[in-house]
Amino acid sequence: MSTRASRLAGDRLLQTMSILVLALSLVALAALLYDIWSDGWYRLDWQFITSLPSRRAASAGIYPALVGSLYVLLVTAVLAVPLGIGAAVYLEEYGGGGRFARLIEINIANLAGVPSIIYGLLGLSLFVRAFQMGPSVLAGGSTLALLALPVVILSTREALRTVPMSAREGSYALGATQWQTIWHQVLPSALPGILTGLILAMSRAIGETAPLITIGALAYLDFAPSGLMSPFTVLPIQIYNWVSLPQPAFAENAAAGIIVLLVLLLTLNAVAVVLRDRFQKARQ
Amino acid sequence: MTRTSRRWTEWTIERALQACAAGSVLITVGIIGVLVFETVAFFREVPITDFLFGTVWTPQFSDAQFGVLPLVTGTLLVSAIAMAVALPAGLLSAIYLSEYAPARVRRVVKPVLEVLAGVPTVVYGYFALLFVTPLLQTVFPTLSSFNALSPGLVMGIMILPLVSSLSEDALHAVPTGLREGAYALGSTRMQTALRVVVPAAFSGISASFILAMSRAIGETMIVAIAAGQQPRLTGNPMSPVETMTAYIVQISMGDTPTGSIGYRTIFAVGMLLFVMTFTLNLASDWLRRRFREEYA
Amino acid sequence: MTTSLRPLVTRTSDSPGPTTPVKIGVTGLNFFYGQKQALTDLTINLHANIVTAFIGPSGCGKSTFLRTLNRMNDIIPSTRVEGRVLIDGEDIYSSSTDVVDLRRRVGMVFQKSNPFPKSIFENVAYGLRINGLARNRGEMEGRIENSLKAAAIWDEVKDRLTESAQTLSGGQQQRLCIARALAIQPEILLMDEPASALDPIATQRIEELIYQLKVDYTIVIVTHNMQQAARVSDQTAFFWLGQLVESGPTEKLFTNPAEKLTEDYVTGRFG
Amino acid sequence: MTTSLRPLVTRTSDSPGPTTPVKIGVTGLNFFYGQKQALTDLTINLHANIVTAFIGPSGCGKSTFLRTLNRMNDIIPSTRVEGRVLIDGEDIYSSSTDVVDLRRRVGMVFQKSNPFPKSIFENVAYGLRINGLARNRGEMEGRIENSLKAAAIWDEVKDRLTESAQTLSGGQQQRLCIARALAIQPEILLMDEPASALDPIATQRIEELIYQLKVDYTIVIVTHNMQQAARVSDQTAFFWLGQLVESGPTEKLFTNPAEKLTEDYVTGRFG
Amino acid sequence: GDGSSSTESSIIAIDGSSTVFPITAAVAEEFRGTNAAAPVTVGFSGTGGGFKKFCRGETAISNASRPVSTSELEACAQASIGMIELPVAYDGLAVVVNPKNSWATSMTVAELKKLWQPEAQGAIMKWSQIRPGWPDEAISLYGPGVDSGTFDYFTEAVNGKSKASRGDYTSSENDNILVQGVAGDEFALGFMGLAYYEENQGRLTLVAVDDEDPDNGAGPILPSFDTVRNGTYRPLSRPLFIYVNSAELARPEVAQFLDFYLANTSALSKEVGYVSLTDAELELVKARLAARTVGTMFADHAAQSSMSLTELLQGHQ
Ligand SMILES: Nc1ncnc2c1ncn2[C@@H]1O[C@H](COP(=O)(O)OP(=O)(O)OP(=O)(O)O)[C@@H](O)[C@H]1O
Ligand SMILES: Nc1ncnc2c1ncn2[C@@H]1O[C@H](COP(=O)(O)OP(=O)(O)OP(=O)(O)O)[C@@H](O)[C@H]1O
Ligand SMILES: [Mg+2]
Ligand SMILES: [Mg+2]
């Protein structure tokens, strides 16, 4: 029965619950960030960012790891973004609803659940050995691209699905080819959703440790990578290394490293978020 | 553009996109390839029934036993906790952001939540161990300092943005016309959200759930750090457990000689995990198809 | 909407108003989409048990006005309302108004039909369910059948009630939306071009329906079809560029309008 | 669609056909949505430089038929076409047909207006761009202005070309979609209830436009408005339950139809 | 230097055990400042992972927290890679308890075995079962991951067989996590690298270990730099190794790096928390390098505890 009071109560309840849940999540995030910040903030300085790793916590820095992370992320993005969006477009717009397409779809969801270390093993035998890339930036970026692909593909497909059929029809009726329709109508409409997927995928890639260690990313490197074939290390490995050392001072270095990683991540996300906002507004 | 050149362009693009899609198949083939070779070798030494139905997992010990069930229950336990946090919380957050929150709040909160997805999992592991577990211990004094509960909860928080962001996008994309239709029939915002918007966005929401579930099952570092790496056949979230992924990372980054039976276990476990998630995905795909609503 | 125009003096036709009580009283209503003013200083009374037709050129603000009557405009961001809208003497824009209840009482059929992506049955059942209007399955089915019959679509869909509403033709979707609105028996029914996609027979059925409904309901219908307005409505209001040019008994407005603008429009000499 | 009905004998009116060449020749066309047959054995010739009107009750298959003429139905999954549709003597369902080119030549205005979620300008510019129909910005702007003028919407939107098309009123959106279709100058123009949301004046302007256009184009228009069909069309085809009951010169069909069904429908005695 | 393409070819690639990693990384860091400086990279994909790369010729040096295994040796031989085994430091294993624990100040190896042997699982669950008089409270156990060299070493030294252990204890790859576990649990007992005790002295209490062999010092012995080095803290100290690809020694920078390594390992391993070799042992190691002696001293996989490193080094010179 929906008396006014009970209806209002139901509405309130959902709203209150959602706000509560959201607030709790934000509190968890705040706790996490506070925890890290209070440990690491005072280690943050220019010296920390520009120095090479060292056994002395006070003089150790993250320079090679930071540059390595940027390089690897760049490679990951360059590979995963077009490949992922391309695959999603194919499956959603060309693939038809056939059994094969569905199997691929399920399979992709499945890939998202493969533990990252298995991707590391795959990357090791495929990129490092078979393609003879060695434990290089290119191999690392490629391995992470494999890891990021499922998220990119799945979220892109869902974003494409939200574009109403009538928009496609309108375009076809004007003599647009399928690709023109996709490029000019479907993709722009789906862009906010696609960007969300990219943000999430890249966020995951930037924080990975285990698969990179497996393919041979380094823990000690006294120079920053200078090209695709350079050996490399990344921030999470540096952080992982530091948290496993016995000296407590390194835990603070690790916290500071995490702050740098998060700032890096936020900067990257900010670009995507601004883009997403703009497109979402335009769509309304 | 002439007709043939246009056709050629279209054909090329389609083939290029097809190649991208084929990539995912290749990855799978690669993964299965990596897994199968060593798994077969493993099962030559260990009977598959011992592996699947055994209840003791001590492959590294001198009297090695290969019953994978403790790892499976550990995985399911931690993932279930994570899902119990991430799915409702993520969906509720998404509903709030899409249906209730002012545009400004939404614009700020959504990316802030997404930050959660980018924190290295190692960090979450320590957060679970050093922050959440002690906190929980004040509530449950019997909680062991390594347990399934704390990494489960933290993992839930980590995958929350996966659910909230992707679901929010799906909800947001539901045409306003449908909401108007519902409001015009005297729906409250809750009714509109839960009965019209959520069903219309079902496809996207379920995709986010599937990704989250896959992610939880495949997550490694949090459990490796905070769950205790103790293969135990238990459903008790207060006790230490080991998950399949935690085991894999433990062996593959440890000192076990490659090629030994101990090393091969990781492939058998990996293969089982792959089969498990595949089954899970098949089931959710079936569910999803049943309940999907398409809007024009 | 150009607002630089000389404000029109709204004149209510001199003939006495309807004898039924005022159901909706609008005074000094202004409406803005962001900076742009879409309605200017509207003042009009809509009477109970009367069909009022809104006519006027495309883009003149008919739909906008209709949406202010059940606060559907609340949904569009950065819009603004000034002035007063009273329903049964109560200001629907006052803070104590229960918008949900308001909308339940003021039903609406939209210009662009918007069936839910559910089955045909569920489309009509939805309003019954959320308002708890059917105690059991039998009652539910009965009401759904009646609504679909009233909207002149029952015969076409009775064998495919479980199919998705998206597979209906344009006109069928429009009638389904009418059925959906009827099912919950609102007090006031706002219909934005309810027959625009309908053939003459279906149109006639809908018009008959409107005629029957007005015994119990207050009905507002937007139409660009003069004949239809003349056929179904008791009162007509003519809008132009966001302003109410003239309102009064339909016959009077079509045969002997007070304003030159109205005359030009209804005789098609306009523009 | 009940298919258990006695098949109707399609009779073309005995008066001689139009003198212009056949532009679209349809023979034995059947159309299925999954299992459900929506069109049964249609055979009809549509002539060049002639306006043909499709009339018939809601849900009889008018839109479906229209969509088979530019293969828009290809997009809907699990549909099936049988029979032949020839345009300029070429089978558009043959494997060698370039569907894209076909659709460029056969323009379409949809029943439910579907502007792109872009600016008003971009909505019209889109077709020009993808077909490379404007060499420079000036030409682009000129063509856009002309199309918008032809669709009788220029005055209303000229000051807000960069605003989103979604902020237009229902009728404005409909006219924008007409403008969009005109801009690329197709040979054939299929219009599904193009004036359903338009006021009389705008309707009249669109009808005049159709009259002008037929000098160069082949036009097919779906309408539920008998007067409109009578006013604008040279030939009329009457559909009923997925079948073509009768087609012939408009005047003949309205005044002296061959079939009783047609007569009942056009005189409104139907149902 | 920064990595231009010319430096990349001169890179000294090292991978392997994460236990040895801090020593090698410290050496590399110091090497950076010398004239001979060549770029050095150090990974930590585990002893096993390291050997795998090493035997494929992907690395010049492999860090190892245990001697090379027979299968790994074979793999290397098949790839015709000769390995020179160089002990570089000792790692002491500390048995630790919670500071609130006032009873377990020392334990004999036999008691440790009673507690840790496979048969103990599900049977020895309380402190009172180890030594009468100790509290009748459930004991919780912490130890390194079952695939770590530390675990192998402990099980071999205590239970007499590598990898023979009870399974119901909490393990972690990261000793800091074990510290956390023991520090937070009054009835806990764990074992870990000595360095982790050193850095957490306030939170943990050491247990003295008595091997009941008066030759290595009588009575319970607490681990310390000295007792590990002079061989009285037995059997819970183990050597750490680097393995060198003998062919790589032809590269001058590799040879220079190794000389530098052995010249500095004493000071640096101590600095990062390990126990340095004695000078005599170090001389033997240097000689082993100079002689390019390939193969392992542990080919028979004899328990390290039965022969001292010095004896082994002398035996395989
Ligand atoms: N969301 C919006 N944002 C900005 N302007 C809008 C919006 N919706 C409508 N308008 C503008 O407000 C004016 C009135 O629109 P409205 O939809 O009320 O017209 P209408 O009388 O219903 O016309 P039609 O008969 O074409 O449906 C139009 O100029 C229209 O472009
Ligand atoms: N996608 C679809 N799937 C299944 N059935 C459909 C689909 N689209 C239309 N139909 C059915 O096919 C029949 C013909 O539909 P069509 O849209 O052609 O009718 P119409 O003559 O255009 O009617 P209206 O005047 O109401 O637009 C109708 O019974 C309709 O319900
Ligand atoms: Mg309108
Ligand atoms: Mg239609």
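Residues numbered from 1 in each chain as written. Chains lettered and ligands numbered in written order. Predicted model: local features only at pLDDT ≥ 70, side-chain atom pairs only at ≥ 80, totals over all residues. Heavy atoms only, no water.

Looking now at the overall build of chain A. Helix and strand content of chain A: 11 helices and one strand. Written out in order from the N terminus, the α and β elements of chain A read α-α-α-α-α-α-α-α-α-β-α-α. Expressed along its principal axes, the backbone C-alpha trace of chain A runs to roughly 65 × 60 × 30 Å. Counting all 284 residues of chain A, 67% fall into the buried class. Excluding contacts between residues fewer than 6 apart, the proportion of contacts in chain A whose partners are at least 24 apart in sequence is 74%. Accessible surface, chain A: about 9,300 Å² in total, of which carbon and sulfur atoms supply 71%. For chain A, the distance from the average site of its 17 positive side-chain charges to the average site of its 13 negative ones is 5 Å. (Helix = DSSP H or I, 4+ residues; strand = E, 2+ residues; numbered from the N terminus. Buried < 20%, exposed > 50% of the residue type's maximum accessible area, 1.4 Å probe, protein only. Contact = heavy atoms within 4.5 Å. Areas by Shrake-Rupley, 256 points an atom, 1.4 Å probe, with all protein chains shown as cover. Lys, Arg positive; Asp, Glu negative; His and termini not counted. Charge placed at Lys NZ, Arg CZ, Asp CG, Glu CD.)

Located in the positive-phi region is Asn49(C), a residue other than glycine, with phi close to 55°. Topologically, Asn49(C) is positioned in the loop between β3 (36-47) and β4 (51-55). According to the relative accessible area criterion, Asn49(C) is partly exposed, its value standing at 31%. Unusually for a residue other than glycine, Arg292(E) sits at a positive phi of about 50°. With respect to the helices and strands, Arg292(E) occurs in the loop between α11 (279-290) and α12 (309-315).

With 32 residues, helix α3 (residues 69-100) of chain B ought to run about 46 Å at 1.5 Å a step, and its terminal C-alpha atoms sit 44 Å apart, in line with that. Most of α3(B) is tucked away, with 25 of its 32 residues classed as buried. (Expected span 1.5 Å × (residues − 1).)

Note on metal sites: the ideal angle is 109.5 degrees for four tetrahedral donors, and 90 or 180 degrees for six octahedral donors. Residue and element names in this part refer to chain D. Listed as protein donors to the magnesium ion (ligand 4) are Ser63 (OG) and Gln111 (OE1); their distances from the metal cover 1.9 to 2.2 Å. With serine 63 in helix α1 (residues 62-69) and glutamine 111 in the loop between β7 (106-109) and α3 (120-130), this pair connects stretches of sequence that are 48 residues apart. A relative accessible area of 18% places glutamine 111 in the buried class. (Donors = N, O, S within 2.8 Å, 3.2 Å for Na, K, Ca; no water.)

Now for the site of ligand 1. Surrounding ligand 1, one finds 19 residues, the nearest of these being Ser58(C), Gly59(C), Ser63(C), Thr64(C) and Ser169(D). The environment of ligand 1 is shared, with nearby residues belonging to chains C and D. Within the contact set of ligand 1, an oxygen atom lies 3.2 Å away from a backbone nitrogen or oxygen of Cys60(C). Residue Ser169(D) places a side-chain N or O atom 2.6 Å away from an oxygen atom belonging to ligand 1. In the complex, 91% of the free accessible area of ligand 1, which totals 630 Å², lies under the protein chains. Put simply, the parts of the chain that give the shell around ligand 1 at least two residues each are α1 (62-69) of chain C together with α6 (170-183) of chain D. (Near = heavy atom within 4 Å. Polar contact = N/O pair within 3.5 Å; in protein donor to acceptor, adjacent residues only side chain to side chain.)

Time to look at the packing of helix α4 (residues 137-150) of chain C against helix α6 (residues 170-183) of chain C. Residue and element names in this part refer to chain C. Viewed as axis vectors pointing N to C, α4 and α6 meet at an angle of 130°, and their least axial separation amounts to 8 Å. In this view, α4 runs oblique relative to α6, as classed from their interaxial angle. In terms of crossing hand, the pair formed by α4 and α6 is right-handed. Every residue of α6 that contacts α4 at Arg143, Ser147, Leu148 and Ala150 is listed here: Leu176, Ala179, Leu182 and Ala183. (Axes fitted to C-alpha atoms, helices over the stretch in contact; angles between N-to-C directions. Parallel < 35°, antiparallel > 145°, perpendicular 65-115°, else oblique. Left-handed = near helix turned anticlockwise from the far one by under 90°.)

Of all residues adjacent to ligand 2, which total 19 residues, the nearest are Ser169(C), Ser58(D), Gly59(D), Ser63(D) and Thr64(D). Chains contributing residues to the immediate surroundings of ligand 2 are chains C and D. One nitrogen or oxygen atom from the main chain of Gly61(D) is found 2.9 Å from an oxygen atom belonging to ligand 2. Contact with the protein chains hides 91% of the accessible area of ligand 2, taken as 630 Å² for the molecule alone. Breaking the shell around ligand 2 down by element, the ones donating at least two residues are α6 of chain C together with α1 of chain D. Tallied by class, the residues present in the shell around ligand 2 amount to four nonpolar, 11 polar and four charged. (Nonpolar A, V, L, I, M, F, W, Y, C, P; charged D, E, K, R; others polar.)

On to the sheet that holds strand β5 (residues 79-87) of chain D, then. All names here are of chain D. Pairing in this open sheet of four strands is antiparallel, and the strands run β3-β2-β5-β6 from one edge to the other. Two strands lie at the open edges of the sheet, namely β3 (36-47) and β6 (90-91), each paired on one side alone. Note: strand β2 (residues 22-33) against β3, eight bridges, orientation antiparallel. Of the residues in β3, the one forming a bridge with phenylalanine 32 is glutamine 37. Packing of α1 onto the sheet brings it into contact with β2, β3 and β5, and relative to β2 it is tilted by some 120°. (Pairing = 2+ DSSP bridges.)

Attention now goes to the packing of aromatic side chains. Aromatic ring pairs: the centre-centre distance and the angle between the two ring planes describe each pair. As enumerated under the stated definition, the model contains 43 aromatic pairs over all chains in all. On the numbers, 5.5 Å between centres and 55° between planes, the contact of Phe65(D) with Phe239(D) is tilted. Here the residue Phe65(D) occupies a position in helix α1, and Phe239(D) occupies one in strand β10 (residues 235-240), the gap between them amounting to 174 residues. By relative accessible area, which is 0% here, Phe65(D) ends up buried. A cation over a ring is seen here: Arg80(C) above Phe32(C), with NZ or CZ 4.1 Å from the ring centre. (Phe/Tyr/Trp six-rings, centres within 6.5 Å; stacked < 30°, edge-to-face > 60°. Lys NZ or Arg CZ within 6 Å of the ring centre and 35° of its normal.)

Turning to the domain arrangement of chain B, a few remarks are in order. Residues and elements named next belong to chain B. Here the domain parsing of chain B yields domain 1 (3-44) and domain 2 (58-294). Facing the 11 residues of domain 1 at the interface are nine residues of domain 2. On the domain 1 side of the interface with domain 2, the three residues burying the most area are Leu35, Glu38 and Phe42, jointly 61% of the side's total. Where domain 1 meets domain 2, there are one salt bridge. Across the pair glutamate 38 and arginine 264 runs a salt bridge whose closest N-O atoms are separated by 3.2 Å. Among the residues forming the side of domain 1 that touches domain 2, the class breakdown is eight nonpolar, two polar and one charged. (Domains from an automatic or database assignment. Buried area = accessible area lost by both parts, 1.4 Å probe. Salt bridge = Lys/Arg side-chain N within 4 Å of Asp/Glu carboxyl O.)

Let us now look at the interface of chain D and chain A. Taken residue by residue, the interface counts 23 residues in chain D and 20 residues in chain A. Of the roughly 1,800 Å² buried where chain D meets chain A, counting both sides, 62% is carbon and sulfur surface. Here chain D is connected to chain A by one salt bridge. For the interface between chain D and chain A, the tally reads seven residue pairs in polar contact (both at pLDDT 80 or more). When the residues that make up the side of chain D that touches chain A are grouped by side-chain class, the tally is 12 nonpolar, six polar and five charged.

What follows covers the pattern of salt bridges. Within the structure shown, the criterion is met by 72 salt bridges over all chains. With its nearest N and O atoms 3.3 Å apart, the salt bridge here joins Arg161(A) to Glu92(A). Taken together, the positions of Arg161(A) in helix α6 (residues 137-161) and Glu92(A) in helix α3 (residues 63-94) put the pair 69 residues apart, joining distant regions of the chain. When its relative accessible area of 15% is taken as the criterion, Arg161(A) is described as buried. Glu248(E) serves as the salt-bridge partner of Arg251(E), at 2.7 Å between the closest nitrogen and oxygen. Taking relative accessible area as the criterion, Glu248(E) reaches 17% and is therefore assigned buried. Each of the salt bridges in this network shares a partner with another, and the network as a whole consists of Arg55(A), Arg56(A), Glu29(E), Glu30(E) and Glu271(E).

Now for the interface of chain A and chain B. Of the residues lining the interface, 90 residues belong to chain A; the matching set on chain B comes to 88 residues. One can count zero salt bridges joining chain A with chain B. Counting every contact that joins chain A to chain B gives 14 residue pairs in polar contact (both at pLDDT 80 or more). Element by element, the count of residues in the side of chain A that touches chain B is highest for helix α1 (residues 4-40) of chain A, at 18 residues.

We now examine the environment of Gly61(C). On the secondary structure map, Gly61(C) appears in the loop between β4 and α1. Taking the C-alpha atoms as reference points, Gly61(C) and Phe239(C), 178 residues apart in sequence, are found 7.3 Å from one another.

For the rest of this paragraph, the subject is the sheet that holds strand β2 (residues 22-33) of chain C. Residues and elements named next belong to chain C. The antiparallel open sheet is built from four strands, whose spatial order is β3-β2-β5-β6. The sheet is open, and its two borders are formed by β3 and β6 (90-91), each paired with just one other strand. As judged from the two bridges shared by strand β5 (residues 79-87) and β6, these two strands associate in the antiparallel manner. In the strand pairing of β6, leucine 86 is matched with aspartate 91. Seen against the sheet, α1 touches β2, β3 and β5 and runs at an angle of roughly 120° to β2.

We now examine the nonpolar core. Ranked by internal contacts, the top residues of the largest apolar core, which has 307 residues, are Ile31(B), Trp127(E), Leu189(E), Leu236(E) and Phe257(E). Other than its neighbours up to four places away in sequence, Trp127(E) contacts Val97(E), Asn101(E), Trp103(E), Ala104(E), Trp134(E), Pro135(E), Glu137(E), Ala138(E), Ile139(E), Phe187(E), Ala188(E) and Leu189(E). Core analysis: the next-biggest nonpolar cluster, separate from the first, contains 49 residues, Leu189(D), Ile206(D), Ile219(D) and Met226(D) among them. (Core = buried A, V, L, I, M, F, W, Y, C linked by side-chain atoms within 4.5 Å.)

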